[in-house]
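Geometric and topological summary
Single-letter residue listing:
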Amino acid sequence: PFVVTDNCIKCKYTDCVEVCPVDCFHEGPNFLVIDPDECIDCTLCEPECPANAIYAEDDVPAGQEGYVALNADLAKDWPVITTRKDPLPDAAEWDGKPDKLPHLER
Ligand code: SF4
Ligand code: F3S
């Protein structure tokens, strides 16, 4: 499956959700995750993310491997999102900042 990684946090552009054919994005307060049990590896979401936060599981950047399990866990708790909405207010400011995990809201 594909995985949402660190740079989505505090940006949440949501362009990704519009293209997913199986509606497997789930939304939290300041991050999105992909349900690995639903993702069919279509690859459509990856180029849609302005923050380049989406990777195939095998291509997750070094140091971000924990996001694989995090996507699986949070997908169980968070509701599905299928319609794009405005990014978070400070998205441009946070885009590209490293190590945002401490800012993840659940
Ligand atoms: Fe959805 Fe395809 Fe992205 Fe998987 S790879 S989350 S199926 S758009
Ligand atoms: Fe996050 Fe990128 Fe989607 S910032 S909400 S993974 S478009």
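Structural notes, computed from the coordinates.

Conventions we followed
Residues numbered from 1 in each chain as written. Chains lettered and ligands numbered in written order. Predicted model: local features only at pLDDT ≥ 70, side-chain atom pairs only at ≥ 80, totals over all residues. Helix = DSSP H or I, 4+ residues; strand = E, 2+ residues; numbered from the N terminus. Rg over C-alpha atoms; globule rule 2.2 N^0.38 Å. Buried ≥ 20, exposed ≤ 12 C-beta atoms within 10 Å, placed from the backbone. Near = placed C-beta within 6 Å. Nonpolar A, V, L, I, M, F, W, Y, C, P; charged D, E, K, R; others polar. Expected span 1.5 Å × (residues − 1). Contact = placed C-beta atoms within 7 Å.

Considering the overall build of the chain
- Each helix and strand counted, the chain has two helices and four strands in total.
- Against the compact-globule benchmark of 13 Å for 106 residues, the chain has a radius of gyration of 12 Å, which places it among compact chains.
- Its C-alpha atoms give the chain principal-axis dimensions of roughly 30 × 30 × 25 Å.
- Considering the chain as a whole, with its 106 residues, one finds that 33% of them fall into the buried category.

Structural notes on the site of ligand 2
- Around ligand 2 there are 14 residues in total, and Cys-8, Tyr-13, Cys-16, Cys-49 and Ala-51 lie nearest to it.
- Per-class residue counts for the shell around ligand 2 are ten nonpolar, one polar and three charged.

Let's talk about the site of ligand 1
- Close contacts around ligand 1 come from 14 residues, with Phe-2, Cys-20, Cys-39, Cys-42 and Cys-45 the closest.
- Across the shell around ligand 1, the residue classes tally to twelve nonpolar, one polar and one charged.

Focus: unusual backbone geometry
- The backbone of Thr-14 shows a phi angle near 65°, a positive value even though the residue is not glycine.
- At Asp-99, a position not held by glycine, the phi torsion is positive, near 55°.
- By the element assignment, Asp-99 lies in the segment after helix H2 (91-94).
- Asp-99 sits in the exposed class, given 10 other C-beta atoms within 10 Å.

Digging into helix H1 (residues 66-77)
- Here H1 contains twelve residues, and its C-alpha end-to-end distance of 17 Å stays within 8% of the 16 Å for a straight helix at 1.5 Å per residue.
- Looking at the buried residues of H1, the elements they touch are strand S1 (2-4), strand S2 (25-27) and strand S3 (32-34).

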